[in-house]
Amino acid sequence: MTTELPASQLSVSIVDEIEQLKGTFPGYRRAHARCVCYDATFVPSGVAADLTTAAHPRGEPVRATVRFSHTDTNPHLPDAGPAVRGLAVKFHLPGGTNTDLVAVNLDRFIAATPEDFLGLLRSAEPDPATGQPDLAKVQAHVGAHPSAGPALFTAAQIPTPVSYGTTTYWAIHAFLWRAGDGAVRPVRCRWVPEAGEHVLGAGEGADWPAEHLTDELATRLARGPVEFSLKVQLAEPGDPTDDATLVWPADRTEITAGRLAVTGEVTDQEHWDSQVFDPTLLTEGIELSGDPILAARSAIYAVSYNRRSHQR
Ligand code: HEM
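In this report, the structure presented in the accompanying data block is examined. (Residues numbered from 1 in each chain as written. Predicted model: local features only at pLDDT ≥ 70, side-chain atom pairs only at ≥ 80, totals over all residues. Heavy atoms only, no water.)

**A closer look at the overall build of the protein chain**
Across its full length, the protein chain holds 7 helices and 10 strands. For 312 residues, the compact-globule estimate of 2.2 N^0.38 gives 20 Å, and the C-alpha radius of gyration of the protein chain, at 19 Å, lies within 12% of that figure. Overall, the protein chain is about 60 × 45 × 40 Å in size when its C-alpha atoms are taken along their principal axes. Counted over contacts in the protein chain with a minimum sequence separation of 6, partners at least 24 positions apart contribute 76%. Only carbon and sulfur atoms are counted for the fraction: they give 54% of the accessible area of the protein chain, which is about 14,300 Å². Separation between the mean location of the 25 positive side-chain charges and that of the 39 negative ones in the protein chain comes to 1 Å. (Helix = DSSP H or I, 4+ residues; strand = E, 2+ residues; numbered from the N terminus. Rg over C-alpha atoms; globule rule 2.2 N^0.38 Å. Contact = heavy atoms within 4.5 Å. Areas by Shrake-Rupley, 256 points an atom, 1.4 Å probe, with all protein chains shown as cover. Lys, Arg positive; Asp, Glu negative; His and termini not counted. Charge placed at Lys NZ, Arg CZ, Asp CG, Glu CD.)

What follows is the structure in structure tokens.
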């Protein structure tokens, strides 16, 4: 069992533990280090107009900046390797504010609380005798936290997409959408690729250059925008909103809130890569659920930001 730490100390302990397990790469994010950023436009369908007062799902098209990433802390890993991938979207709203939606190609998370996440990392520390993680300790952690099992199992064997534009990305957490009449409804969002789902088969990708996914997206974008639909699942009473390891039944009502068109690489990669994409950076009409992982992420990302900005 993990001892409960004060929030700020917990954030530091988690980032320390990530660094201890995965190494430190000065100047880079302590997770999702490798990336490329793109310009995009989000065009709302209008269907969400009765569900939230937020501007981007109900108003005019808005500009967005998109960051595709590889989950590892090591920014030099080749693209062909299996890994969770990220799609972080910063919507640039009327009036000059931003709101972020941060997603990965997994439908649920590997821990229900930040304390559980730290416990999971600690269970994977190398055994001093062998230099390898002691699988029995990881298994004991999962045995004590069985809802972590499905995401860990999926992440461990996740296939590499043939393109950043051919995989679905889930924002995982429940958020609360507040409508103009004050009604509040929990929702979960995911980006579904218009190009369909395409992943590498066994033995494929061996000839890929290290930055193949970036090159591939450039080729794809030369033919036209790379698009994703924003699917929004609406909760029914009793659906869990405070546990990122759990998903809602597939038959829940779902709307298509709009379409994201990724159009080309940003001209200033360094600037956009230096920004924080924070899932708790919300806008009027979208509120945090009670998910403790969601609540913890902002402080954890701030620790990572401070370290990468100061080249630690
Ligand atoms: C306790 C749980 C988590 C920890 C410790 C953690 C840790 C981190 C850290 C340290 C960063 C780098 C932040 C920065 O320097 O800007 C990061 C980025 C990221 N995380 Fe998490 N994370 C957690 C949960 C999640 C979840 C649930 C998701 C799923 C949506 C997620 C998706 C991402 C993505 C896509 C990025 C890259 C964002 C970007 O492009 O800037 N993380 N995470």
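Moving on from the model shown.
**With respect to the pattern of salt bridges**
Tallied over the entire structure, the rule returns 18 salt bridges. Its salt-bridge partner being R307, residue E19 comes within 3.2 Å of it at the nearest N-O pair. Taken together, the positions of E19 in helix α1 (residues 7–22) and R307 in helix α7 (residues 292–309) put the pair 288 residues apart, joining distant regions of the chain. Comparing E19 with R307, the two get one shared label, buried. The closest approach of N and O atoms between D273 and R29, which form a salt bridge, is 2.8 Å. You can see D273 sitting in helix α6 (residues 269–274) and its partner R29 sitting in the loop between α1 and β1 (34–44), a full 244 residues away along the chain. On the accessibility criterion, D273 (22% relative accessible area) is partly exposed. (Salt bridge = Lys/Arg side-chain N within 4 Å of Asp/Glu carboxyl O. Buried < 20%, exposed > 50% of the residue type's maximum accessible area, 1.4 Å probe, protein only.)

**Concerning the coordination of the iron atom of the ligand**
Exactly one protein atom donates to the iron atom of the ligand; that atom is Y301 (OH), 2.0 Å from the metal. Relative to the helices and strands, Y301 resides in helix α7. (Donors = N, O, S within 2.8 Å, 3.2 Å for Na, K, Ca; no water.)

**So, the site of the ligand**
In the vicinity of the ligand there are 24 residues, among which R29, R67, Y301, S304 and R308 approach most closely. Contact distances for the ligand include 2.9 Å between an oxygen atom and a side-chain N or O atom of R29. R67 places a side-chain nitrogen or oxygen 2.6 Å from an oxygen atom of the ligand. Of all elements in the fold, only β3 (85–92), β4 (98–104) and α7 reach the threshold of two or more residues within the shell around the ligand. Here the residues of the shell around the ligand sort into 16 nonpolar, 4 polar and 4 charged. (Near = heavy atom within 4 Å. Polar contact = N/O pair within 3.5 Å; in protein donor to acceptor, adjacent residues only side chain to side chain. Nonpolar A, V, L, I, M, F, W, Y, C, P; charged D, E, K, R; others polar.)

**Considering α7**
Here α7 spans 26 Å end to end across 18 residues, near enough to the 26 Å set by a 1.5 Å rise per residue. By the largest-angle criterion, S298 marks the main kink of α7, which is about 30°. Among the residues making up α7, those that are buried are I293, L294, A296, R297, I300, V303, S304, R307 and R308. Those residues of α7 that are buried lie in contact with α1, β4, α2 (114–123), β6 (175–178), α6 and β10 (286–288). N-capping of α7 is provided by D291, with a side-chain oxygen placed 2.9 Å from the backbone N of I293. (Expected span 1.5 Å × (residues − 1). Bend = angle between axes of the 7 residues up to and from the residue.)

**A few points about the packing of aromatic side chains**
Taken as a whole and assessed by the stated rule, the structure comprises 9 aromatic pairs. With a centroid separation of 5.4 Å and an interplanar angle of 80°, the aromatic rings of F42 and F91 are classed as edge-to-face. Linking F42 in strand β1 with F91 in strand β3, this pair joins segments that are 49 residues apart in sequence. Side by side, F42 and F91 carry an identical accessibility label, which is buried. Both rings, one in Y169 and one in F228, keep their centres 5.8 Å apart while their planes meet at 65°; by these two values the pair is edge-to-face. Here F228 lies in strand β8 (residues 226–234) and Y169 lies in strand β5 (residues 169–170), a separation of 59 residues in the sequence. This pair shows no difference in class: Y169 is buried, exactly as F228 is. An aromatic cluster is defined as three or more aromatic residues linked by ring pairs; in this entry it consists of Y38, F68, Y164, Y169 and F228. Stacked on the ring of F277, the Lys or Arg K90 has its end atom at 5.0 Å from the ring centre. Taking NZ or CZ as reference, R188 lies 5.5 Å from the ring centre of W248, over its face. (Phe/Tyr/Trp six-rings, centres within 6.5 Å; stacked < 30°, edge-to-face > 60°. Lys NZ or Arg CZ within 6 Å of the ring centre and 35° of its normal.)

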